[in-house]
Amino acid sequence: MSNGGHEAGHGNITAQIHSNRVVFPVLSYTYPLKLLSPRVQQDGVAIVYMITYGGGLVCGDRISLSANIEQDAQLVFLSQGSTKVFKARPGVRAAVPVTLRTLGATTTVTQQRLEVSIAAGGALYLLPDPVTCFRDAAYHQVQTFRLARGASAALLDWYTSGRRARGEEWAFARYYSINEVFVEASPLPRRTLADRMGPYACYATLFLYGPRVQGVVRELEERMRAATVFQVREPLDVLWSLSPVRGEAGNEGRIVRVAGKETEDVKKWLSDALRGLVDVIGGEVYSKIFI
Amino acid sequence: MQDDKESYLLLLLSDANLPTGSFVASAGLESTAAHALFHVPGPPGSDILAFLRSSVDTYARSALPFTRDAHHVVAAYASGETLELDAALAALTRLDTLYDASTLNHVARRASCAQGAALLTLYTRGFTRPSVLLADAADYDEEREKRAAALVSALKLRVRRGEPDAPAGHLPVCWGVLTGALGLTVDRGAHLHLFLHARGVLSAAVRMNIVGPYAAQQLLLHALRRVVDDALRSTAHLISGALRDEVDSDEQADERLPATTWPLGEILAARHDLLHSRIFNS
C-alpha cells in the first residue's frame, strides 16, 4: 500500500489473482480519500473499504476512484458507515487545493466518480452503506462499470432521507446519480435520478449481472413470482421491484429497487436478499457487509 | 408550417379516439392505488394532482429528450438536410436502443413498445396521403411527404422484424417520428405528447373511479396546464445523449441528459403485474 498520485481525492486500485489470493499491485489514494484492505481468509476474494476524512464529504469535495479487476479476482467494495454529505465542513476549513475552486460554478456540489473495469470471471460487489445528505447538501455521483463477457457485478446505490433525528427529512438540495454499465462496450442501462421523493425514507437500486450472482437472482425471481398484491390498506414497510434488463442473450441483468420506511428495513431486506452471496464470497466476508 | 395547418394537426392528434393504445395504460396509477400510496392529505383532488405532477415530471425528464431528438432526425431527413435514409434510420435506432436501455422497468417498457408501434402504424395507414388526393392538393409537398413516409415505413419494418439489434419502437421515439413526419414543430410535438400523457393518467383515474369525470375536466382546465408547461420548460434544454459522442464528463453535461426523478413511481409501476386484479396493462 502506498500513497501515490498527485491530485486530491484520487484513488487507484488494481486487483489480480496471485496463487489463489487477491493481491493489489496498485492501491493508492490521496486526501481526503483513504482505501483500506483488511486481510480475509477466503481465497479469490478481497475487501476494500473506501473511507473519507471524518466519515463525510463536504461541498466542493471531489472523489475520483478507478479500479481494475483482473481475471477471476473478486472485489467487495464497502464504506465504513453511511457516507455523510455536509453542505459545509463544520468547524475547521481544511486545506483545499486551488484547482478545486477554479473549476467553475461547481464548488458547492460534492462529486464522486467511480470507474471500474472487470475482466472475465472477475466480480465487483459494490455494497456500501447508504449516502446521507444533510440539509441543503448537493451530491453528484457518476459511476461507470465496464464488464467483459463472463464478468459479474452486484452494484448497490442507495440513499436516505437525511438526518431524521434532527428533523431533516428530504431537506437536501439534490442527489444525482448516474450509473452506466457496459457489457463488452454495449451500453446496458443508464439510470439517473434527481431529487424527488415519497413517503419512504430510504431508496436503493441494486444492479445484478453475471454468473456469480445467478443464485441471488434465481431466489429473488422465485419470491417475486410468489407475490400477489391485493388492495392493501396501509403502505407496506418495504416495497421492492425486480425488472430484467438487456444483456447478452440468455444472461440478462436485473434491476432491483427497494424503498423502505426506515433505513434499517432496507438494510435488512438487502442483507437477506443478498445472502446467496455467501456461497460466492464466503461467510466471513459476507458478515462484514450490511453491519 | 402555416398556423392553420398546425392547429388542424393538433386537433387530429389530440383526439381521444386516436388508435394509439393509450387507453390500456395507467402509467402506474392503478398499482399506486392498490399499494395504498395514492391518497395524500389535503383538499379533494390533492392526491391525483400530486400523482400527475410526479408522473409528468419524471416522464418529461426521462422521455422528452428522445422525442425531441427523434423529431429532429425525421424532420432533417424529410427536408433533405440528411440525405441518406440509412443514416436517419441508424440515428433512430440508436435513440430507441438507448431509451430501451434506460427504461429499467419492464412494465413501462412493455407499454411503451405497444404504443410506439401503434403510432407507426397510425402514420403509415392513417396519415399518409391517399393516392386519390395526390394531384390536386395545394398544400402537397410531394418530395417532403414521400421522404417522410419512406423513413417511417423503413423504421416500422425494422421494428416489426425484431432482429437482435432492431429498435423496439418506443413511444417517445415514435411520437417524435410521427410529429416530425407530419411537419409539426418540435416544441408543439413535445407539448402535445406531455399533455396526452397527463390526460391519459386522468382518464385512467376516471375509469378507476378515483376522480369524477367533471372533476377531471376541472383539473384539465385549471391545473394541468401549469404542470405540463413547467415540465416542458424545465426539460427543453435536455438531450438524449444518443446522437452525439461529445457528452463530457462534468456535471453540467451530465445534467443535460435524461433522468428519472421519481424512484417510488418506478417501483410501483414495476409491481403492476403483481396486482391480483387489474384493469390496465401498466
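Residues numbered from 1 in each chain as written. Chains lettered and ligands numbered in written order. Predicted model: local features only at pLDDT ≥ 70, side-chain atom pairs only at ≥ 80, totals over all residues. Heavy atoms only, no water.

- Going by what an unreviewed UniProt entry lists, chain B is known as Urease accessory protein UreF and is assigned to Lactarius akahatsu.
- Turning to chain B, the UniProt annotation filed under Sequence similarities (unreviewed entry) states: "Belongs to the UreF family." (UniProt positions renumbered as here; feature names shortened; annotations may be inferred.)

- If you check an unreviewed UniProt entry, chain A appears there as UreD-domain-containing protein from Lactarius akahatsu.
- Turning to chain A, the UniProt annotation filed under Sequence similarities (unreviewed entry) states: "Belongs to the UreD family."

### Points about the pairing of strand β4 (residues 45–52) of chain A
Residue and element names in this part refer to chain A.
Part 1 of the reasoning: Here β4 lies mainly inside the structure; eight of its eight residues are buried.
Part 2 of the reasoning: Of the two faces of β4, the one holding Val45, Ile47, Tyr49 and Ile51 and the one holding Ala46, Val48, Met50 and Thr52 are both buried throughout.
Part 3 of the reasoning: Of the strand pairs in this sheet, strand β3 (residues 33–36) and β4 are connected by four bridges, and their pairing is antiparallel. Bridge pairing in β4 links Leu33 to Thr52. (Buried < 20%, exposed > 50% of the residue type's maximum accessible area, 1.4 Å probe, protein only. Helix = DSSP H or I, 4+ residues; strand = E, 2+ residues; numbered from the N terminus. Pairing = 2+ DSSP bridges.)

### Focus on the pattern of salt bridges
Residue and element names in this part refer to chain A.
Part 1 of the reasoning: A full pass over the atoms with the stated rule returns 18 salt bridges over all chains.
Part 2 of the reasoning: The shortest N-O distance in the salt bridge between Arg225 and Glu222 comes to 3.0 Å. With Arg225 and Glu222 both in helix α2 (residues 214–226), this residue pair falls three residues apart, about one helical turn.
Part 3 of the reasoning: Put simply, Asp272 and Arg223 hold a salt bridge, and the shortest N to O gap is 3.8 Å. Separated by 49 residues along the polypeptide, Asp272 in helix α3 (residues 263–273) and Arg223 in helix α2 bring together distant segments of the chain.
Part 4 of the reasoning: Here the residues in one salt-bridge network are Arg164, Glu169 and Glu262, joined through shared partners. (Salt bridge = Lys/Arg side-chain N within 4 Å of Asp/Glu carboxyl O.)

### Side note on the pairing of strand β10 (residues 123–126) of chain A
Residues and elements named next belong to chain A.
Part 1 of the reasoning: Burial of β10 is two-sided: the residues Ala123 and Tyr125 facing one way and the residues Leu124 and Leu126 facing the other way are all buried.
Part 2 of the reasoning: Here strand β7 (residues 74–79) runs beside β10; their pairing, made up of four bridges, is parallel. Opposite Phe77, over in β10, you have Leu126 as the bridge partner.
Part 3 of the reasoning: Here β10 pairs with strand β13 (residues 152–160) via four bridges, running parallel. When the bridges of β13 are listed, Leu126 appears paired with Leu155.

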